[in-house]
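Single-letter residue listing:
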Amino acid sequence: VYDTSSQGQPQDLSLIESQLFIGALDPTVHDAGTYTVDTTWSQPPYTVTFWQKTTGGTSSSSAEDQIIAVDNGVRTNFYKNQVSTVEIVDAATGNAAYTFRNPPKFSDGSTRDAYYETERVIDSYFYHPNTAPFIVTRLIQRFGISNPSPGYVR
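As a convention, each chain's residues are numbered from 1 in the sequence order in which they are written. Side-chain atom pairs in this predicted model are given and counted only at pLDDT of 80 or more, local residue features only at pLDDT of at least 70, and totals for whole chains, interfaces and linings cover all residues. The basis for every side-chain value is the complete set of non-hydrogen atoms in the structure, without hydrogens or water.

Below, the discussion takes up the packing of aromatic side chains. Pairing of aromatic side chains here covers Phe, Tyr and the six-membered ring of Trp, requires ring centres within 6.5 Å, and sorts the geometry by plane angle: under 30 degrees stacked, over 60 edge-to-face, intermediate tilted. Across all of its chains, the model carries two aromatic pairs by this definition. Taking the centre distance of 4.9 Å and the plane angle of 70 degrees together, the rings of Trp 41 and Phe 50 count as edge-to-face. Between Phe 126 and Tyr 127 the ring centres are 5.1 Å apart and the planes differ by 85 degrees, which places this aromatic pair in the edge-to-face class.

In structure tokens, the structure reads:
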């Protein structure tokens, strides 16, 4: 998605998270020296750090071997620098008729990976702006009014 060698820092770092969808582990949980900091962009409150995979003391040149850490001033999220899409090709024209994002599966069955994936899902639910109104609406419906107005929910 991002190539730090040919692309400069974008004008608005807040857009980076909207283009990255594949989560990654914090690079510091890997063995020492597996990932090293390659590039850091800063635009308050955002700080974006690119971690490059290192094998045998040599950094990989592939952008797909990067983990991007996006600190938005509240918390830090980690993403793979990859896009995973599926294209359905029209047999008559040979052109892509439909394209959609393919959510990849990363867990190889290890307990550690399952733990981190579960934590990431729970965090995404917890920090999503619609979670609180959803829960409050259900509580009001259960213990009070069957169809609460939006003003009542706030």
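Now that the structure has been shown, we can carry on.
A few words now on the pairing of strand S4 (residues 66-71). For S4, the tally of buried residues reaches five of six residues, placing the bulk of the element in the interior. At least two DSSP bridges between two strands are required for those strands to pair. Numbering of helices and strands runs from the N terminus, with a helix taken as a DSSP run of H or I at least four residues long and a strand as a DSSP run of E at least two residues long. Across six bridges, strand S2 (residues 46-55) lies against S4 in antiparallel orientation. If you follow Trp 51 over to S4, its bridge partner there is Ile 67. When S4 meets strand S5 (residues 76-80), the two strands line up antiparallel, connected through five bridges. Opposite Asp 71, over in S5, you have Thr 76 as the bridge partner. Between S4 and S5, which pair antiparallel and follow one another directly, the connecting turn spans four residues, one of which, Gly 73, has a positive phi of 90 degrees. Each residue is placed in one exposure class: buried if its accessible area under a 1.4 Å probe, protein chains only, is under 20% of its type's maximum, exposed if it is over 50%, and partly exposed if it falls in between.

Let us look at the nonpolar core. Tyr 2, Leu 13, Ile 16, Leu 20, Trp 41, Tyr 46, Val 48, Phe 50, Ile 68, Val 70 and Tyr 79 form the largest nonpolar core, which has eleven residues in total. Going through the elements one at a time, S2 and S4 are the ones with two or more residues in this core. With three residues, the single largest contributor to this core is S2. Setting aside chain neighbours within four positions, we find Tyr 79 in contact with Glu 17, Leu 20, Ile 22, Gly 23, Ala 24, Gln 66, Ile 67, Ile 68, Val 70 and Arg 120. Put simply, buried Ala, Val, Leu, Ile, Met, Phe, Trp, Tyr and Cys residues joined by side-chain atoms within 4.5 Å make one nonpolar core. Listed in part, the five residues of the second largest apolar core include Trp 51, Ile 67, Ala 69 and Phe 78. Contacts: residue pairs with any heavy atoms within 4.5 Å of one another.

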